[in-house]
Amino acid sequence: MQPIGQIMKRRDSEFISRRSVVLSKNGSVASSNPLASSIGLDILKAGGNAADSAVAIAAALQVTEPMSTGLGGDAFCLFYDAKNKKVHGLNGSGHSSSNVSLDLVKSEGFGEGCPIPDTHGLAVTVPGAAATWVDTVEKFGSGKLSLNEILSPAIHLAASGFPVQQITAQLWESASSLLQRESNIHGKDLLLNGKAPRHGDIMKNPHLASVLKELASKGKKGFYEGRIAKSIVDAVKIHGGVLTLEDLSSYETSVVDPIHTDYKGKRLWEIPPNGQGIVALIALNILEGFDLQGLDHASYLHLLIESLRIAFAETFNHCADLDHVKIPLDRLLSKDYAAELWNRIDLHRAIDPSELKKGLIDNTSGPDTVYFTTADKDGNACSFINSTFKVFGTGIVPEGCGFSLQNRACGFSLIPSHPNVLAAKKRPFHTIIPAMLTDSKTGELLMSYGVMGGFMQPQGHVQVLLNMLEFGDNPQEALDMPRFCLGDNYSARTTLDHLMLEEGISEETASKLKNIGHSNIRTISGTDRLKIFGRGQIIARGNWWSKAAMQEQLPLIYWSGSDPRADGCVAAY
């Protein structure tokens, strides 16, 4: 059998470093930027807990990776409370304006087959990140550090400047034209001398520093009311949107009960719809019916691909804002229903895409997000994800704010009969999803993890988890392994009939997949891999994936990994 964990081929200068899994006793943080990871660790050492650390990292990444995340976007949080062994969820996705409607959008010339443009003001939903940061600290934080203390390191980074990392510089440059548009008057605030900063440049953002100070001193009112709120509304209006001050001032996050499924004694937790975490849960339920370890690589990938294609088809046709529509979650997550779906899989032939496209599917996604995770000395953990959807979102930068606004309304369907159809005060289908793993029987924390990147996210959750659970990879090894990604060009429709393979998956395996009916296969190499296959982080508690853990009692420490497809690292103590 060809090993699942084959060594990646090395070309050019892109992924040539080897990373070891990081072990620690007292705490750990993992993010896509080393400065942010360092800040998160400092918060833990100062007496903060995992939630405090996560918010400090979120703010630091807003400064250092503004194309992927920030106050103009949304966030989701899962928090593991070690005292009661409970996983809590926080939905920080923003809703559409109270003034928007399908008729309004159609009157502007948009509709089925003609989506809202990525850069249009109508694509802007209420940014939920600021409220999520504040609520994460208030609901799950240690109470030992103020919001000002938690945000101060990011404020200092923005005011004094920071060196731009290599991959960040590449992504910044890829979308710099959004900020250079003549209509985007304040886009230059996120540029250096009118251009994207280069690798090694020192970038300052004094406007963002002032916004973070407002948030730190006044809390949510400092962002959703007053100067900042007015700047957001004015900027959206200039670009054709209808967001109002009341839309902002009335915004609240939602405490949610995470959804879950059990797989071979382990419980995977995800945020419920409007998030797409249900894809990973449905896929795992299907895969539980197969012996994965006894397969060659092509057959293994085939089963994962088919289970995810089916799970996506189910999700795209149901997933929407639970405050607006009823979704049969119990049925979709049941093992009995998984058995029905399991029977659709042929080990020797891929399902014809036409059998999966019978529903209404017209969602899009974006490639850029930040995922990070933290764990503290008391055993608490925070799984956190923050995004502006597509690169820089709309690219619209409000005056005096130093951040760009997301384009999450592009996640709505414009088909009237679809559950996810655009409507007033509604949250769109959301791609960003944090994850957690606990022991099904004891409730003990096993892992806090995630993989960012559009529709890649649930695919990454499944692939990384199975690398560990089925094949014994440690967290770093699990992240290092080459991945596949269903889809092309971030379109929901293509997830059912396109397949991208990361360089490192052999030509022989690719040929076998093609022979059993997986068409439209592309192998992706070089820096193109950065956007397609996601960038993940893992903190595991104990080495439960290892056979040695079954044979002897090993120390209960943190084992952490950070994705080589990003600039980041683990910081631990």
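Our subject is the structure listed above.
Residues numbered from 1 in each chain as written. Predicted model: local features only at pLDDT ≥ 70, side-chain atom pairs only at ≥ 80, totals over all residues. Heavy atoms only, no water.

K.L.:
What is the right way to read the overall build of the chain from this model?
P.N.:
The number of helices and strands found in the chain is 21 helices and 19 strands. For 573 residues, the compact-globule estimate of 2.2 N^0.38 gives 25 Å, and the chain sits close to it at 22 Å. For the chain, the spread of C-alpha atoms along the principal axes amounts to about 60 × 55 × 50 Å. Every one of the 573 residues in the chain was classed for burial, and the buried ones make up 64%. Of the contacts formed within the chain by residues at least 6 apart in sequence, a portion of 74% connects residues at least 24 apart. Roughly 20100 Å² of accessible area belongs to the chain as shown, and the carbon and sulfur atoms make up 49% of that amount. (Helix = DSSP H or I, 4+ residues; strand = E, 2+ residues; numbered from the N terminus. Rg over C-alpha atoms; globule rule 2.2 N^0.38 Å. Buried < 20%, exposed > 50% of the residue type's maximum accessible area, 1.4 Å probe, protein only. Contact = heavy atoms within 4.5 Å. Areas by Shrake-Rupley, 256 points an atom, 1.4 Å probe, with all protein chains shown as cover.)

K.L.:
Teacher, can you tell me more about the packing of helix H12 (residues 278-287) against helix H17 (residues 456-469) here?
P.N.:
Packed helices, taken two at a time, are described by their axes: the angle between them and the distance between them. The N-to-C vectors of H12 and H17 enclose an angle of 45 degrees; their axes lie 8 Å apart at closest approach. It follows that H12 is oblique to H17 by the angle criterion. Handedness of the crossing formed by H12 with H17: right-handed. Taken together, the residues of H17 that come into contact with H12 (itself represented by Val279, Ala280, Ala283, Leu284 and Leu287) are Pro458, His461, Val462, Leu465 and Leu466. Here the contact of H12 with H17 is composed, by residue class, of nine nonpolar, one polar and no charged. (Axes fitted to C-alpha atoms, helices over the stretch in contact; angles between N-to-C directions. Parallel < 35°, antiparallel > 145°, perpendicular 65-115°, else oblique. Left-handed = near helix turned anticlockwise from the far one by under 90°. Nonpolar A, V, L, I, M, F, W, Y, C, P; charged D, E, K, R; others polar.)

K.L.:
Would you mind going over helix H1 (residues 34-45) with me for this structure?
P.N.:
Because an α-helix packs 3.6 residues into every turn, residues spaced three or four apart end up facing the same way. With 12 residues, H1 should cover 16 Å at 1.5 Å per step; its first-to-last C-alpha distance of 17 Å lies within 8% of that length. Every buried residue of H1 is listed here: Ala36, Ser37, Ile39, Gly40, Leu41, Ile43 and Leu44. Contact partners of the buried residues in H1: strand S2 (28-31), helix H2 (50-64), helix H5 (147-160), strand S10 (370-375) and strand S19 (569-572). A distance of 2.8 Å separates the backbone nitrogen of Leu35 from a side-chain oxygen at the start of H1, and that oxygen is part of Asn33. One or two steps after H1, the chain reaches Gly47, where phi turns positive at roughly 105 degrees. (Expected span 1.5 Å × (residues − 1). Polar contact = N/O pair within 3.5 Å; in protein donor to acceptor, adjacent residues only side chain to side chain.)

K.L.:
Help me understand the environment of Gly395, please; the structure alone is not making it clear to me.
P.N.:
With respect to the helices and strands, Gly395 occurs in the loop between strand S11 (381-387) and strand S12 (435-439). When the C-alpha atoms of Gly395 and Ser176 are compared, they prove to be 8.8 Å apart, with 219 residues separating the residues in sequence. Apart from the residues lying within four places of it in its own chain, the contact partners of Gly395 are Leu178, Leu179, Arg181, Asn184, Ser404 and Leu405.

K.L.:
Looking at this structure, I do not really get unusual backbone geometry. What am I missing?
P.N.:
With the exception of glycine, the majority of residues adopt a negative phi angle, and the majority of peptide bonds are in the trans configuration. Non-glycine residue Asn193 carries a positive phi angle of around 55 degrees. In this fold, Asn193 is placed in the loop between helix H7 (176-180) and strand S6 (202-203). Residue class for Asn193 comes out exposed when judged on its relative accessible area of 76%. One non-glycine residue with positive phi stands out, namely Lys425, at about 55 degrees. Structurally, the position occupied by Lys425 is in the loop between S11 and S12.

K.L.:
How do you make sense of the nonpolar core when you look at a structure like this?
P.N.:
Nonpolar side chains in soluble globular proteins tend to end up buried together. Counting 83 residues, the largest nonpolar core has Leu71, Trp133, Phe223 and Phe403 as the members making the most contacts within it. When residues in this core are grouped by element, the largest group, 11 residues, is from H2. Excluding residues that lie within four positions of it along the chain, Phe223 makes contacts with Leu71, Pro127, Ala130, Val211, Leu215, Ile228, Ala229, Ile232 and Phe403. Core analysis: the second largest hydrophobic core is formed by 69 residues, Leu268, Ile305, Leu469 and Ile538 among them. (Core = buried A, V, L, I, M, F, W, Y, C linked by side-chain atoms within 4.5 Å.)

K.L.:
Hey, could you run me through the pattern of salt bridges in this one?
P.N.:
Between side chains of opposite charge, a pair can form when the charged atoms approach closely. Counted according to the given criterion, the structure contains 19 salt bridges. Close ionic contact of Asp135 with Lys220 constitutes a salt bridge, the shortest N to O distance being 2.8 Å. Of this pair, Asp135 sits in helix H4 (residues 129-140) while Lys220 sits in helix H9 (residues 220-224), placing them 85 residues apart in sequence. A relative accessible area of 22% places Lys220 in the partly exposed class. Across the pair Asp378 and Lys377 runs a salt bridge whose closest N-O atoms are separated by 3.6 Å. Owing to a relative accessible area of 47%, Lys377 belongs among the partly exposed residues under this scheme. Three or more residues are tied together by salt bridges with common partners; here these are Arg483, Glu502, Glu503, Arg529, Asp563 and Arg565. (Salt bridge = Lys/Arg side-chain N within 4 Å of Asp/Glu carboxyl O.)

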